[in-house]
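Letter by letter, the chains look like this.
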Amino acid sequence: MKPVLDVVVKLVNTIRSRGLTHRQFRDFLQSVQSEYSDVLYYTKVRWLSAGCVFERVWQLKDDIVSFFHEKQCSAECEMLEDTEWLSDFAFFTDLLCQMNNLNVKMQGKNQFIDDIWAHLKAFKLKLNLFAGQLAKNDLSHFSKLNSIPSVKLHFEFEYRFQVFSAIQTELDIFTMPFNVNCEAVRSDLQLELIELQSNNHLKQSFLNMPKLEFYKSLSKVCFPHLISHAQKISAMFASSYICEQVFSTMNLRKNYFRSRLTDEHLASFLRISTSHFEPQYKALLKMKSQFHSSH
């Protein structure tokens, strides 16, 4: 993918990095009544950037070719007229669209690692489907593709996320404790799982409650190892979304107008901004005998 990405990024930079060329390109798009007014910059740190850039360039490829021909700079867009390169470009544009959909599903609050793994497993199955369809020249899910490229992505995806396969049983215990085979789990969890699976009341509670609330409701005396296991799984970072969100929140809070903000106050701001817990206002007020130092 990198050779295709490099060409697309170079093309975008050629248009946008030169002020005159950029203005002329925008005017050209307006004159031809294009649906889009500009190409997008590629930003490596943004999850969805590559897919969005590819999609926009694909939609504007004919206009880009016409623009550079009009400027008599055909060399700048010669790859967009190369059928073989366009096939690769189309393939990756379609594929990145699918990956962007996956990335969007992996973002958001209150997602545990087992939820992320469920999305990844579904995507692996989709890759198997895509590989089989491409081998049969079935392009149902690749509308932009004109020829069959190499389909190695499934194996790369499998290799990258092989660690999830290694802890599949651990995730199953957390996600489906009533369906897991007790003989296939660690010995310290076997007896507790048998007790859990034999309790119809707890089974009903599991179906009606969020997972985290269910494990909080378990008896620490009867299920100490199971609770510890749930804490370990729920504490795993499923993705970098939370870290990126906190970093963005910090940038909003610690700005030019708050130059005297201390690290302690910043930490408090971040805790309030990123937490969904409701403060116990009444308890906090009772702790204060005097609300203002001047009174």
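Not measured: the values here are computed from a predicted model.

(A) Looking closely at the overall build of the protein chain. Per the secondary structure count, the protein chain includes 15 helices and 0 strands. Across the 295 residues in the protein chain, those meeting the buried criterion constitute 35%. Of all intrachain contacts in the protein chain linking residues separated by at least 6 positions in sequence, the fraction that spans at least 24 positions is 61%. Only carbon and sulfur atoms are counted for the fraction: they give 54% of the accessible area of the protein chain, which is about 19,300 Å².

(B) The arrangement of the side chain of Thr-93 in detail. Following the sequence through the fold, Thr-93 ends up in helix H4 (residues 83–106). Take Thr-93: its relative accessible area is 1%, and that puts it in the buried class. Setting aside its immediate chain neighbours within four residues, Thr-93 contacts Phe-54, Glu-55, Trp-58 and Lys-144.

(C) Region of interest: unusual backbone geometry. Positioned with a positive phi, Gln-33 is a non-glycine residue whose angle comes to about 55°. With respect to the helices, strands and loops of the structure, Gln-33 is situated in the loop between helix H2 (19–31) and helix H3 (49–70). The class for Gln-33 is exposed, based on a relative accessible area of 74%.

(D) Region of the structure containing the environment of Met-250. With respect to the secondary-structure elements, Met-250 resides in helix H13 (residues 241–253). Separated by 20 residues in the primary sequence, Met-250 and Leu-270 place their C-alpha atoms 6.6 Å from one another. Look past the residues within four positions of Met-250 in its chain and what remains in contact with it is Leu-266 and Leu-270.

(E) Region of the structure containing the packing of H3 against H4. In the contact formed by H3 and H4, the axes pass within 9 Å of each other and the chain directions differ by 135°. With respect to H4, the axis of H3 lies oblique. Crossing angle aside, the handedness with which H3 passes H4 is left-handed. The segment H3 lies against H4, with Ala-50, Gly-51, Cys-52, Phe-54, Glu-55, Val-57, Trp-58 and Lys-61 engaging Leu-86, Phe-89, Ala-90, Phe-92, Thr-93, Leu-96 and Asn-100. Class assignment of the residues belonging to the contact of H3 with H4 gives a composition of 10 nonpolar, 3 polar and 2 charged.

(F) Region of interest: the nonpolar core. Core analysis: the largest hydrophobic core is formed by 63 residues, its most contacted members being Ile-64 and Phe-89. Excluding residues within four positions of it along the chain, Phe-89 makes contact with Val-4, Val-8, Phe-54, Val-57, Trp-58 and Leu-80.

(G) Quick peek at a nonpolar patch on the surface. Side chains of Tyr-281, Leu-284 and Met-287 sit close together on the surface and give an oily, nonpolar patch of about 380 Å² of accessible area. Within the fold, Leu-284 resides in helix H15 (residues 281–286).

(H) View of the side chain of Asp-38. Within the secondary structure layout, Asp-38 lies in the loop between H2 and H3. Asp-38 sits in the buried class, given a relative accessible area of 6%. A polar contact of 3.3 Å, which involves the side chain of Asp-38, links it to the side chain of Arg-26. Among residues more than four places away in sequence, those in contact with Asp-38 are Arg-16, His-22, Phe-25, Arg-26, Leu-29, Arg-56 and Leu-60.

(I) Focus on the packing of H13 against helix H14 (residues 263–274). Following both chains from N to C, one finds H13 and H14 inclined at 125°, their axes separated by 10 Å at the closest point. If you check the angle between H13 and H14, you find them oblique. Regarding H13 and H14, the two cross each other, and that crossing is right-handed. Every residue of H14 that contacts H13 at Val-246, Thr-249, Met-250 and Arg-253 is listed here: Leu-266, Phe-269, Leu-270, Ser-273 and Thr-274. Split into classes, the residues belonging to the contact of H13 with H14 amount to 5 nonpolar, 3 polar and 1 charged.

The rules behind these values
Residues numbered from 1 in each chain as written. Predicted model: local features only at pLDDT ≥ 70, side-chain atom pairs only at ≥ 80, totals over all residues. Heavy atoms only, no water. Helix = DSSP H or I, 4+ residues; strand = E, 2+ residues; numbered from the N terminus. Buried < 20%, exposed > 50% of the residue type's maximum accessible area, 1.4 Å probe, protein only. Contact = heavy atoms within 4.5 Å. Areas by Shrake-Rupley, 256 points an atom, 1.4 Å probe, with all protein chains shown as cover. Axes fitted to C-alpha atoms, helices over the stretch in contact; angles between N-to-C directions. Parallel < 35°, antiparallel > 145°, perpendicular 65-115°, else oblique. Left-handed = near helix turned anticlockwise from the far one by under 90°. Nonpolar A, V, L, I, M, F, W, Y, C, P; charged D, E, K, R; others polar. Core = buried A, V, L, I, M, F, W, Y, C linked by side-chain atoms within 4.5 Å. Patch = residues over 30% accessible without salt bridge, like charges linked within 9 Å, V, L, I, M, F, W, Y side chains within 5 Å. Salt bridge = Lys/Arg side-chain N within 4 Å of Asp/Glu carboxyl O. Polar contact = N/O pair within 3.5 Å; in protein donor to acceptor, adjacent residues only side chain to side chain.

Don't take any of this as a statement about function, it's just geometry.
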